[in-house]
Amino acid sequence: MDTSQLLKGVLDLAVLAVLRKDDGYGYDVVRRLRAGGLDEVGDASVYGTLRRLYNAGMLTSYVVPSEEGPHRKYYSINETGRARLAESRETWRSFASTLDGLLEEVAA
């Protein structure tokens, strides 16, 4: 199965989940997603998702100077983002449960 199509549908949820505990800059978010098991996530997809979530009012951002290169733009989840995360988490759990039931019927 091509997991890249599945990833497109849940990347917003995954990014919000990664940012729920600690703020992060673009590549940091990519690394955390990959460390969490989303090995196929692309840099450009994550950067686009961060911009989209920011523009939708779910993230705030701030810049931190870096001595090793360009300044880093950090993102943090705000109350709107936390509400979306909670809503999306419930939607995902319901969907996954339904699909698990269907797959068990097929296996039987």
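Model, not experiment: these values are computed from the prediction.

A. Highlighting helix H2 (residues 26-35). For H2, the full list of buried residues reads Gly26, Asp28, Val29, Val30 and Leu33. Close packing links the buried residues of H2 with helix H1 (3-19), strand S1 (24-25), helix H3 (43-55) and strand S3 (72-77). Two residues or fewer after H2 comes Gly37, characterised by a positive phi angle close to 115°.

B. Seen up close, the packing of H1 against H3. Where H1 contacts H3, the two axes come as close as 10 Å, and the packing angle between them is 80°. As summarised for this structure, H1 and H3 are arranged roughly perpendicular, according to the angle between their axes. Side by side, H1 and H3 meet where Leu11, Asp12, Val15, Leu16 and Leu19 of the first sit next to Ser45, Val46, Thr49, Leu50, Arg52 and Leu53 of the second.

C. Expanded view of H3. Helix length check: H3, at 13 residues, gives a terminal C-alpha distance of 18 Å against a target of 18 Å (1.5 Å per residue), a fit within 8%. By the burial criterion, the buried members of H3 are Val46, Gly48, Thr49, Leu50 and Leu53. Residues of H3 that are buried in the fold lie against H1, H2, strand S2 (59-64) and S3. Gly57 occupies a position one or two residues after H3 and carries a positive phi of about 85°.

D. Representation of the sheet that holds S2. Read across the open sheet, the three strands follow the order S1-S3-S2; overall the sheet is antiparallel. Every other strand in the sheet has two partners, leaving S1 and S2 as the edge strands with one partner each. With six bridges connecting them, S2 and S3 associate as antiparallel partners. Pairing of Leu59 across the sheet is with Ile77, part of S3. Docked against the sheet, H1 engages S1, S2 and S3, running at close to 95° with respect to S3. With respect to the sheet, H3 is in contact with S2 and S3, its orientation differing from that of S2 by roughly 115°.

E. Summary view of a nonpolar patch on the surface. Side chains of Trp92, Phe95, Leu99, Leu102 and Leu103 sit close together on the surface and give an oily, nonpolar patch of about 510 Å² of accessible area. Inspection of the secondary structure assignment puts Trp92 in helix H4 (residues 79-107). Judged by relative accessible area, which is 41%, Trp92 ranks as partly exposed.

F. Inspection of the packing of H1 against H2 at higher detail. Between H1 and H2, whose axes approach to 10 Å, the crossing angle comes to 100°. Between H1 and H2, the crossing angle belongs to the class labelled roughly perpendicular. Together, Leu11, Ala14, Val15, Val18 and Leu19 of H1 and Val29, Arg32 and Leu33 of H2 make up the contact between the two elements.

G. Region of interest: the UniProt feature "domain: Transcription regulator PadR N-terminal" (unreviewed entry) in the protein. UniProt records the feature "domain: Transcription regulator PadR N-terminal" (unreviewed entry) at residues 15-87, using the numbering of this structure. Within residues 15-87, the helical portion is 51% and the strand portion 19%, while the C-alpha atoms at the span's ends are 14 Å from each other.

H. Expanded view of the pattern of salt bridges. Counted by the stated rule, this structure contains five salt bridges. Salt-bridge contacts for Asp43 lead to Arg34; the nearest nitrogen and oxygen are separated by 2.9 Å. Overall, the relative accessible area of 31% leaves Asp43 in the partly exposed class. When its relative accessible area of 28% is taken as the criterion, Arg34 is described as partly exposed. If you follow the salt bridges from partner to partner, you end up with Asp28, Arg31 and Arg32 in one network.

Quick notes on the rules
All residue numbers refer to position in the chain's written sequence, counted from 1. Local features in this predicted model are restricted to residues whose pLDDT is 70 or higher, and side-chain atom pairs enter the listing and the counts only when it is 80 or higher, whereas totals over whole chains, interfaces and linings include all residues. Hydrogen atoms and water are omitted, and side-chain values are computed over all heavy atoms in the structure. Working definition: with a 1.4 Å probe on protein chains only, accessible area under 20% of the residue-type maximum means buried, over 50% means exposed, and in between means partly exposed. What counts as a helix is a DSSP run of H or I of at least four residues, what counts as a strand is a run of E of at least two, and both are numbered from the N terminus. By definition in these notes, contact holds between two residues if any of their heavy atoms fall within 4.5 Å. Axes, fitted as lines to C-alpha atoms, cover a helix only where it is in contact. Angles between the N-to-C directions of the axes lie from 0 to 180 degrees. Roughly parallel refers to an angle under 35 degrees, roughly antiparallel to one over 145, roughly perpendicular to one between 65 and 115, and oblique to any angle outside these ranges. Expected span of a helix: the number of residues minus one, times 1.5 Å. Paired strands are those between which DSSP finds at least two bridges. Only residues above 30% relative accessible area that lack a salt bridge enter a patch, with like-charged residues linked at up to 9 Å and the nonpolar side chains Val, Leu, Ile, Met, Phe, Trp and Tyr linked at up to 5 Å. To be clear on the numbers: accessible area is Shrake-Rupley with a 1.4 Å probe, and residue cover counts the displayed protein chains and nothing else. The salt bridge criterion pairs a side-chain nitrogen of Lys or Arg with a carboxyl oxygen of Asp or Glu, the two atoms within 4 Å. UniProt positions are given in the numbering used here, feature names are shortened, and annotations may be inferred rather than shown by experiment.

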